[in-house]
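What follows is the residue order along each chain.
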Amino acid sequence: STLVKSIFRNPAQYLNQEIEISGWIRTSRASKAFGFIELNDGTFFKNLQVVFEEGMENFAEIAKLATGTSIIVKGILAESLGAKQPFELKAQSIIVEGECASDYPLQKKRHSFEYLRTIAHLRPRTNSFSAVFRVRSLVAFAIHQFFQEKGFVYVHTPIITGSDAEGAGEMFHVTTLDLDAPPRTEEGKIDYSRDFFGRETNLTVSGQLNVETYCMAFRNVYTFGPTFRAENSNTARHAAEFWMIEPEIAFADLEDDMELAEDMIKYVINYVLENAPEEMAFFNEFVDKNLLDRLQNIVQASFERVTYTRAIELLEKAKDKFEYPVEWGTDLQTEHERYLTEQVFKKPIFVIDYPKEIKAFYMRLNEDRKTVAAMDLLVPGIGEIIGGSQREERLDVLEKRMDELGLKKEDYAWYLDLRKYGGTRHAGYGLGFERIIMYLTGISNIRDVIAFPRTVNNADF
Ligand code: 4AD
Ligand code: MG
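Parameters at a glance
Residues numbered from 1 in each chain as written. Chains lettered and ligands numbered in written order. Predicted model: local features only at pLDDT ≥ 70, side-chain atom pairs only at ≥ 80, totals over all residues. Heavy atoms only, no water. Near = heavy atom within 4 Å. Polar contact = N/O pair within 3.5 Å; in protein donor to acceptor, adjacent residues only side chain to side chain. Areas by Shrake-Rupley, 256 points an atom, 1.4 Å probe, with all protein chains shown as cover. Helix = DSSP H or I, 4+ residues; strand = E, 2+ residues; numbered from the N terminus. Nonpolar A, V, L, I, M, F, W, Y, C, P; charged D, E, K, R; others polar. Buried < 20%, exposed > 50% of the residue type's maximum accessible area, 1.4 Å probe, protein only. Arc of directions from axis to C-beta. Contact = heavy atoms within 4.5 Å. Phe/Tyr/Trp six-rings, centres within 6.5 Å; stacked < 30°, edge-to-face > 60°. Lys NZ or Arg CZ within 6 Å of the ring centre and 35° of its normal. Core = buried A, V, L, I, M, F, W, Y, C linked by side-chain atoms within 4.5 Å. Patch = residues over 30% accessible without salt bridge, like charges linked within 9 Å, V, L, I, M, F, W, Y side chains within 5 Å. Salt bridge = Lys/Arg side-chain N within 4 Å of Asp/Glu carboxyl O. Axes fitted to C-alpha atoms, helices over the stretch in contact; angles between N-to-C directions. Parallel < 35°, antiparallel > 145°, perpendicular 65-115°, else oblique.

Bringing the site of ligand 1 into the picture now. The local shell around ligand 1 holds 24 residues, among which E166, Q208, E231, E246 and E384 are the closest. Between E384 and ligand 1, the recorded distance is 2.6 Å, taken from a side-chain N or O atom to an oxygen atom. At a separation of 3.4 Å, a nitrogen atom of ligand 1 approaches a polar backbone atom of Y429. Calculation on ligand 1 without its partners gives an accessible area of 620 Å², and the protein chains cover 94% of this total. Taken together, the elements giving at least two residues each to the shell around ligand 1 come down to β12 (241-250), β16 (383-390) and β17 (426-432). Top contributing element to the shell around ligand 1 by residue count: β16, with five residues. Each residue belonging to the shell around ligand 1 can be placed in one class, and the counts come to eight nonpolar, eight polar and eight charged.

Rendered as structure tokens:
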């Protein structure tokens, strides 16, 4: 007999052969003389039908098996007479590997995503999650391949850091101090100099500042890792723990940065369309009926570029439609981002040159002295999936900006050194990994594209 680990994706090649498969029962029904099991082996979201007959020695036991039971089946793969599936496995023997208790929550019916979040340890066993997380894995691989093919170096930036890269103050503190009775300074503040690292530390909000150091040595680099933000926003697109891809390129400006981002997005779309066609067809059928059309159009289109100032003009004309006010100087809300991509341009757009007041300290000041060389990539259905910029390489301009913002230069001495020691033009961006998975699958809540979501009031599992 041939031991076959995964035939579920392409059973045709095993027609009329004896094979052994193993998996979990999705549904089972039996009469006195024969029975059917819909088996899923974990390698694909579709099941294979197993037919078993009275002659089998443990027929009575098998006929009673519950949904969720794991079994090993040997048999001959045959064409199926039923209309629902092309093939079925005519079982010669079935061995029970692990029984499933009768309170198993995943019975045969469609469960809502909301409900499935309450059983995050079991939800990967559903078709939707099988498809989403296989695509998530592929996309991670595609992103690495995209950068590696271009000669980028993957740098592992630290998770625990001493700086706040985005200056937004939304950080999770890391401490070993006994917070019931912490050591205190003479002014009565908690004395972090007596903490593990001899200073205050937090979970990183971005690997950017660290990766810039490797950019100034290796030229083209990227990070790909978890990042953490204690944003108190309970939305469908924010998580407290999310993964971010941050390329950084030397001798490059904002235009080069946008070109790289556009190429990357198109590469990833093509990659999943080619390598996960069944999963993508599944999303198109069950999650978002326009998904494939939209993605195919996007790889053809060239992304629009629009200045922040122009975007505000367009939004002001439609201000009655919005909950939040729009005027020059305010940050764009999701509703504004979606209006621009879905109603005005109907494709992904780069919004560039934002007011310096609403962007991070490291972004390069434009000639007008009011805006910075920033870019956000906004896409229909989601809004922002990428935030990036050309970095301020001029030491004096950067120091002045840090002074204006009250940032302590001592804390960033190593970052400023990059400008002192042969600093060059450079640029980079951050792609929210969960956001691109949402975009590629049509799934509308970030909680359903990350295995164990961490959000406000939720760190279960
Ligand atoms: O725009 P952000 O804050 O940019 C940075 O962190 C820069 N340091 C990136 C860089 O230039 N290297 O975040 C980048 C992206 C956003 O566009 C969004 O897709 C995602 O990260 N993101 C989140 N995703 C999920 N949950 C959150 N709370 C997120 N915050 C940002
Ligand atoms: Mg941003």
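Read on, since the account is not over.
This paragraph deals with helix α10 (residues 395-405). Among all positions in α10, only V397, L398, R401 and M402 are buried. Around the axis of α10, the buried residues are gathered within 135 degrees of arc, so they sit on the same side. Counted as exposed and oriented over 90 degrees from the buried face of α10: D396 and K400. Those residues of α10 that are buried are in contact with α11 (413-420).

For the structure shown, the criterion picks out 27 aromatic pairs. Seen from their ring centres, F282 and F286 are 4.9 Å apart, and the 50 degrees between their planes marks the pair as tilted. Of this pair, F282 and F286 both sit in helix α6 (residues 277-286), separated by four residues, roughly a single helical turn. Look at F282 and you get buried, because its relative accessible area is 9%. Here F286 falls in the partly exposed class, since its relative accessible area comes to 40%. Above the ring of Y415, the side-chain terminus of R419 is found at 4.2 Å from the ring centroid.

Core analysis: the biggest nonpolar cluster contains 78 residues, and I21, I94, F147, I265, I386 and L431 have the highest contact counts within it. Here this core gets 10 residues from one element, more than from any other, and that element is helix α5 (residues 254-275). Those residues within four positions of I94 in sequence are excluded, and the remaining contacts are I37, V50, F52, M56, N58, I62, I71, I72 and V73. Counting residues in each nonpolar core, the second largest holds 34 residues, with L209, V306, V351 and A360 among its members.

Moving on: a nonpolar patch on the surface. A cluster of nonpolar side chains, I159, I160, F196 and F197, forms an exposed patch at the surface whose accessible area comes to about 400 Å². Tracing the backbone shows I160 in strand β8 (residues 160-161). Judged by relative accessible area, which is 38%, I160 ranks as partly exposed.

Once that is clear, we can look at the packing of helix α8 (residues 308-317) against helix α9 (residues 334-345). Contact geometry for α8 and α9: axes closest at 11 Å, N-to-C directions at 85 degrees. Accordingly, the angle class assigned to the pair α8 and α9 is roughly perpendicular. Packed against α8, whose contacting residues are A311, L314 and L315, the element α9 presents H336, Y339, L340, V344 and F345 at the interface. For the contact of α8 with α9, the residue count by class is seven nonpolar, one polar and no charged.

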